[in-house]
Amino acid sequence: MEWSERIGRRIRLRDLHIVLAVAEAGSMAKAAQRLAISHPVVSKTISDLEQTLKVKLFDRTAQGVELTNYGQALLKCGINVFDEMRQGLKQIEFLSDPASGELAIGCPEIMNAGMVPAISERFLQQHPRVQLRVVHADVALAQFGPLRERKVELLIGRLPDPFLEEDLVFEPLIQEPFVAVAGANSQWARRRRIALVDLMEQSWVLPPYDSAPGGIISGIFVASGLKAPRPAVATLSIQLTTTLIATGKFVGILPNSVAQFSSRRVGLKILPVEIPITHYAVALLTLKTRTPGPLAKLFIEHARAVAKSLSA
């Protein structure tokens, strides 16, 4: 208690708030404008903090200010303090009204064409007054910033291999296969037996082969004893991919969940093509030092249920 009282006398939440604002704005004048307080108040707060801590928090430059190593340490502390406050308030809000609140998650575009809509639908059916905020973050490309900066509570997407992030925890959801797809009204949709080689002269929509998903798909052709075809359209946009394939004039290869859910939404047909076993590992990621909030835990439960249904 004595130590807590000493901290309270030395640093207040308002001081940390001002430090965060100055660090984000890169200027005390801009921070003062954002906080709707005077420039001298901001300057005096920073100066008083530096005298209290006996270290320099910001270097003054012609362009504004930059955090020192000491300032970086205090900034990290401040982010954690305010995040814990937010988590605590969310917990109180949930206890007082379990049906409301806000949950922020991060995922790549391909998950928005596959599992995330299915998970969201289940989740919001039971909690219709919760606001779900979805932030773009490509987990496969190690875009973990939104999670580390506590802008989202969890990430969902393809797990990088190898996974080397010591501050993050991952929970495997599903190891799903790839499948060949065509438009529901295409000539291939009525065929009962198709070999991958039969599709080689078709117009393909595939990710660029020098990308992570493109490399995996290139390996599927090689494992089938075939040379990877030159795609008519090379794109990482899953929306463009599914839209073009749905016209019936193109074919492609997609993760099973994306193909299944897109078949209902845009009119795709999973073709009876034997694809060499190549798994697409989807996982949930959370911060090791941050306990997921009650809404995040509920979302995770629904994610497990959807993954289980796909596996079945």
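Structure shown above.
Enquirer: Whenever I open this one, the nonpolar core confuses me. Can you help?
Expert: Soluble globular proteins: nonpolar side chains tend toward being buried together. Counting residues in hydrophobic clusters, the biggest one holds 47 residues, and the most contacted among them are Met115, Ile156, Leu173, Leu199 and Phe221. If you tally residues by element for this core, the top one is helix H12 (residues 294-311), at nine residues. Discounting residues that sit within four places of it in the chain, Met115 has contacts with Leu173, Ile174, Ser257, Phe261, Val282, Ala303, Val306, Ala307 and Leu310. Among the nonpolar cores identified, the runner-up in size contains 16 residues, and Ala31, Ala32, Phe58 and Leu74 belong to it.

Enquirer: Got a minute to help me understand the environment of His39 in this structure?
Expert: Mapped onto the elements, His39 comes out in helix H4 (residues 39-53). Its relative accessible area of 41% is what places His39 among the partly exposed residues. Placed 10 residues apart in sequence, His39 and Ala29 show a C-alpha to C-alpha distance of 5.5 Å. If sequence neighbours within four positions are ignored, His39 has contacts with Met28, Ala29 and Ala32.

Enquirer: Please clarify how the pattern of salt bridges should be interpreted in this entry.
Expert: Once the charged atoms of two side chains with opposite charge are near each other, the side chains can pair. The final tally for this structure, using the stated rule, is 10 salt bridges. The salt bridge involving Arg60 is made with Glu50; its shortest N-O contact spans 3.2 Å. Here Arg60 is found in strand E1 (residues 58-60), whereas its partner Glu50 is found in helix H4, with 10 residues between them in sequence. For Glu50, a relative accessible area of 14% puts it in the buried group.

Enquirer: How do you make sense of the pairing of strand E3 (residues 100-107) when you look at a structure like this?
Expert: Side-chain direction in a regular strand flips from residue to residue, so the side chains alternate between the two faces of the sheet. Within E3, seven of the eight residues are buried, leaving the element largely enclosed by the surrounding structure. Pairing analysis gives eight bridges linking E3 to strand E4 (residues 129-136), with the strands arranged parallel. Bridge pairing in E4 links Leu103 to Leu132. Sheet topology places E3 next to strand E5 (residues 154-158); two bridges connect them, and they run parallel. If you follow Gly106 over to E5, its bridge partner there is Leu155.

Enquirer: Looking at this structure, I do not really get the environment of His279. What am I missing?
Expert: By the element assignment, His279 lies in strand E11 (residues 279-287). Residue classification places His279 among the partly exposed positions, given a relative accessible area of 45%. Considered as a pair, His279 and Glu176 are 103 residues apart in the sequence and their alpha carbons are 5.2 Å apart.

Enquirer: I tried to follow the packing of aromatic side chains on my own but got confused; where do I start?
Expert: Two aromatic rings are characterised by how far apart their centres lie and by the angle between their planes. According to the stated counting rule, one finds five aromatic pairs in the structure shown. Considering the side-chain rings of Phe123 and Phe299, the 5.6 Å spacing of their centres and the 70° angle between planes classify their relative orientation as edge-to-face. Of the two residues, Phe123 is situated in helix H7 (residues 115-126) and Phe299 in helix H12; the sequence distance between them amounts to 176 residues. Judged by centre distance (5.7 Å) and plane angle (85°), the rings of Phe178 and Tyr280 are edge-to-face. Note that Phe178 is positioned in strand E6 (residues 168-183) and Tyr280 in strand E11, a separation of 102 residues in sequence. No difference in accessibility class separates Phe178 from Tyr280, as the two residues are buried.

Analysis parameters
Residues numbered from 1 in each chain as written. Predicted model: local features only at pLDDT ≥ 70, side-chain atom pairs only at ≥ 80, totals over all residues. Heavy atoms only, no water. Core = buried A, V, L, I, M, F, W, Y, C linked by side-chain atoms within 4.5 Å. Buried < 20%, exposed > 50% of the residue type's maximum accessible area, 1.4 Å probe, protein only. Helix = DSSP H or I, 4+ residues; strand = E, 2+ residues; numbered from the N terminus. Contact = heavy atoms within 4.5 Å. Salt bridge = Lys/Arg side-chain N within 4 Å of Asp/Glu carboxyl O. Pairing = 2+ DSSP bridges. Phe/Tyr/Trp six-rings, centres within 6.5 Å; stacked < 30°, edge-to-face > 60°.

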